[in-house]
Amino acid sequence: MAASMLCCRTAMLCRTFKGLSCSKPVLSASSLLQTASYNPRPLKLNLRDPYIPDKDSQKTPEWQKSARYDRKLFGRYGSASGIDPASLWPSDEELDKIIAEEKEWHPPLDVMLKNIEVREKEETKKRLEREKLIAANMAKMPKMIADWRKEKREAKLKLKAEKARRAKLLVEARERFGYNVDPRSPKFLELIAEIEKEEKRKKKLLKRRQREEQVSAATTVTPPAASS
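For clarity, every value in this text was computed on a predicted model and none was experimentally measured. (Residues numbered from 1 in each chain as written. Predicted model: local features only at pLDDT ≥ 70, side-chain atom pairs only at ≥ 80, totals over all residues. Heavy atoms only, no water.)

1. Re the overall build of the protein
The cut-off we apply is this: Secondary structure elements follow DSSP: runs of H or I of four or more residues count as helices, runs of E of two or more count as strands, with numbering from the N terminus. Accessible area is worked out with a 1.4 Å probe on protein chains only. A residue is then buried under 20% of its type maximum, exposed over 50%, and partly exposed in between. The contact definition used throughout considers only heavy atoms, calling two residues in contact when any of these lie within 4.5 Å.
Along the backbone of the protein there are 6 helices and 0 strands. What you see in the protein, going N to C, is helices and strands ordered as α-α-α-α-α-α. The buried share of the protein, taken over its 228 residues, is 11%. Sequence-distant contacts, at least 24 apart, represent 22% of the contacts inside the protein between residues at least 6 apart.

2. So, the packing of helix H5 (residues 109-177) against helix H6 (residues 186-220)
We count it as follows: Here an angle of 0 to 180 degrees is reported between the N-to-C directions of two axes, which are lines fitted to C-alpha atoms, with helices fitted over the stretch in contact. Each angle gets one of four labels, with under 35 degrees taken as roughly parallel, over 145 as roughly antiparallel, 65 to 115 as roughly perpendicular, and the rest as oblique. Classification used: nonpolar for Ala, Val, Leu, Ile, Met, Phe, Trp, Tyr, Cys and Pro, charged for Asp, Glu, Lys and Arg, polar for all others including Gly.
At a minimum axis distance of 10 Å, the contact between H5 and H6 shows a crossing angle of 110°. By the angle between their directions, the pair H5 and H6 is classed as roughly perpendicular. Facing Arg-165, Arg-166, Leu-169, Leu-170, Glu-172, Ala-173, Arg-176 and Phe-177 of H5, the residues of H6 in contact are Lys-187, Phe-188, Leu-191, Ile-192, Glu-194, Ile-195 and Glu-196. A per-class count over the contact of H5 with H6 returns 8 nonpolar, no polar and 7 charged.

3. So, a negative patch on the surface
Short version of the rule: What goes into a patch is any residue over 30% in relative accessible area without a salt bridge, connected to like charges within 9 Å or, for nonpolar side chains (Val, Leu, Ile, Met, Phe, Trp, Tyr), within 5 Å. Accessible surface area values rest on a Shrake-Rupley calculation with a 1.4 Å probe, where residue burial reflects the displayed protein chains alone. Any carboxyl oxygen of Asp or Glu within 4 Å of a side-chain nitrogen of Lys or Arg constitutes a salt bridge here. Charge counting treats Lys and Arg as positive and Asp and Glu as negative, with His and both chain ends excluded. Taken as the charge centre is NZ of Lys, CZ of Arg, CG of Asp or CD of Glu, depending on the residue.
Where like charges cluster on the molecular surface, the negative patch consists of Asp-92, Glu-93, Glu-94 and Asp-96. Structurally, Asp-96 can be placed in helix H4 (residues 92-105).

4. Considering the packing of aromatic side chains
For any two aromatic rings, the description comes down to two numbers: the centre-to-centre distance and the angle of the planes. How we decide: Aromatic pairing here means that ring centres of Phe, Tyr or Trp (its six-membered ring) are within 6.5 Å. Orientation follows from the plane angle: under 30 degrees is stacked, over 60 is edge-to-face, and everything else is tilted.
Throughout the structure, instances matching the rule amount to 1 aromatic pair. With 5.3 Å between their ring centres and 90° between their planes, Trp-63 and Tyr-69 make a pair best called edge-to-face.

5. Details of the nonpolar core
Generally speaking, nonpolar side chains in soluble globular proteins are found buried as a group. Keep this limit in mind: Nonpolar cores are built from buried Ala, Val, Leu, Ile, Met, Phe, Trp, Tyr and Cys residues. Side-chain atoms within 4.5 Å join them into one set.
Counting residues in hydrophobic clusters, the biggest one holds 7 residues: Leu-169, Ala-173, Val-181, Phe-188, Leu-191, Ile-192 and Ile-195. When contributions to this core are tallied by element, the ones reaching two or more residues are H5 and H6. Dropping the residues within four chain positions of it, Val-181 is found in contact with Leu-170, Ala-173 and Phe-188. Membership of the second largest hydrophobic core comes to 5 residues, among which are Tyr-69, Leu-73, Tyr-77 and Ile-83.

6. Observations regarding a positive patch on the surface
A contiguous patch of positive charge on the surface is contributed by Lys-200, Lys-203, Lys-204, Lys-207, Arg-208 and Arg-211. On the secondary structure map, Arg-208 appears in helix H6.

Here it is as structure tokens:
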């Protein structure tokens, strides 16, 4: 069986080298057989004289002075590396950090179940609060719609009153100046300011008159007769 495999390899190599030019020398059958049967030996691990970097030397790279590289050397050469296994054990701070990371990323089953329960309670609480808010807003919806319609009607009436007032002012300006006045002209703006000032004065006088009438009406009321 080994001879047949060797012959197959030889045939494959012959087909490979068939395309070479005739000017080149043809390889002998012994060379082909030697190439086909080549089986390199694995490199032997040098345990007698392993490479141990000098940490006190400035030529040694920093990564070869680290504890990680020491672990690598000890894992490769064992006690031949000259490294104390106790020095490879993590310090108290590193051990606490490893334990904290283990608890954070791989907590026990009871802790995971408790976290799931807490998360489900929070999600249920948020869902109930959201449903409560939606129900409250839905209860307020008729009043909100009524208020919106009222504001819309008031805005429409206010706009209509403003248009009527502006038309009235334009009529007064035409009667005063004898021609149509541009609403953006300074004369029209001065007329509006004057009319508004007059309206405020009239409202103030009306309030004062009503107040005086109320005071006079209160003083004219006769007190009830005293009992004998």
